[in-house]
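A closer look at the structure
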Amino acid sequence: VGPGICPFLSPSRPPLRIRALLSVLFATTVAGCAAGTDGDHVDDEETGRLFAAAWEEQAEGLAVAASCSGVVVPDRGPFDKVVALTFDDGPNPQTTPLVLDTLRSRGIPATFFINGTRMSSDAAEAIVADVASDPDLILGNHTWSHPRMPDLSAGAAASQIDDNTTILVDAGEPERFFRFPYGAASCDLTAAVRDRGYTVTGWHVDSADWCFSSP
């Protein structure tokens, strides 16, 4: 796979960052692990391009300060051997139940950062209800349709946050953790998220599983 599609696999890129949550409290996320498996999401090549752009902005000092960015992980440890496991871009009725079975069989807590556009079936709704009811699992907000948030108007960005919040609240999940798609953020966006009671959540390691999703 070429670096244009999977930038984190290129030797010129920083080390792989599995999405291990920046917050020590939780191990998280979402049911559908691969971007590009849903028509409402960008394809894998576009995903790779956007992640690569975020990395380049960071490396060149163009990204906003750590307190405002969805890419920069503000906590520096020590982590006391604690790993927070997270999954993005679900729920996926095909893959999320498999992930849940694996986690539960080993007693592993996790957080699932979901997208509202994934909630298009009874099966997806059942998965979200299942996660919300499990004390070892957390639902997080990953926006409604996984856009690059800095490209949106203030109103559109607010809708991306709030429409997805409705799903979490309806499932009984409080507003706890928010992850920017691609880690693309700004100070104004970060303030808007925090004003709604969320903790902005980054990652240290990305598994890059989206690089290997089926065509």
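Everything here concerns the structure above.
All figures in this text were calculated on a predicted structure; none of them were measured in a lab. (Residues numbered from 1 in each chain as written. Predicted model: local features only at pLDDT ≥ 70, side-chain atom pairs only at ≥ 80, totals over all residues. Heavy atoms only, no water.)

1. Some details on the nonpolar core
Residues Phe112, Leu139 and Phe180 are the most contacted members of the largest nonpolar core, which totals 27 residues. When residues of this core are traced back to their parent elements, those giving at least two are α2 (96–105), β3 (110–114), α3 (122–133), β4 (137–141), α4 (154–170) and α5 (187–195). No other element matches α3, which puts 5 residues into this core. (Core = buried A, V, L, I, M, F, W, Y, C linked by side-chain atoms within 4.5 Å. Buried < 20%, exposed > 50% of the residue type's maximum accessible area, 1.4 Å probe, protein only. Helix = DSSP H or I, 4+ residues; strand = E, 2+ residues; numbered from the N terminus.)

2. A word on the packing of aromatic side chains
Evaluated as defined, the whole model comprises 3 aromatic pairs. Ring geometry for Phe87 against Phe112: centres 5.2 Å apart, planes inclined by 20 degrees, an arrangement best described as stacked. Pair noted here: Phe87 is in strand β2 (residues 86–90) and Phe112 is in strand β3, with a separation of 25 residues, a long-range link. An aromatic cluster of at least three residues, connected via ring pairs, comprises Phe178, Phe180 and Tyr198. (Phe/Tyr/Trp six-rings, centres within 6.5 Å; stacked < 30°, edge-to-face > 60°.)

3. Concerning the pairing of β4
Buried residues dominate β4, accounting for 5 of its 5 residues. A two-sided burial pattern is seen for β4, the buried positions comprising Leu137, Leu139 and Asn141 on one face and Ile138 and Gly140 on the other. Pairing of β3 with β4, which is carried by 5 bridges, proceeds in the parallel orientation. For Ala110, the partnering residue across the bridge sits in β4 and is Leu137. Since β3 and β4 lie parallel, the crossover through α3 that links them has a hand, and here it is right-handed. (Pairing = 2+ DSSP bridges. Right-handed = clockwise from strand over helix to strand, strands pointing away.)

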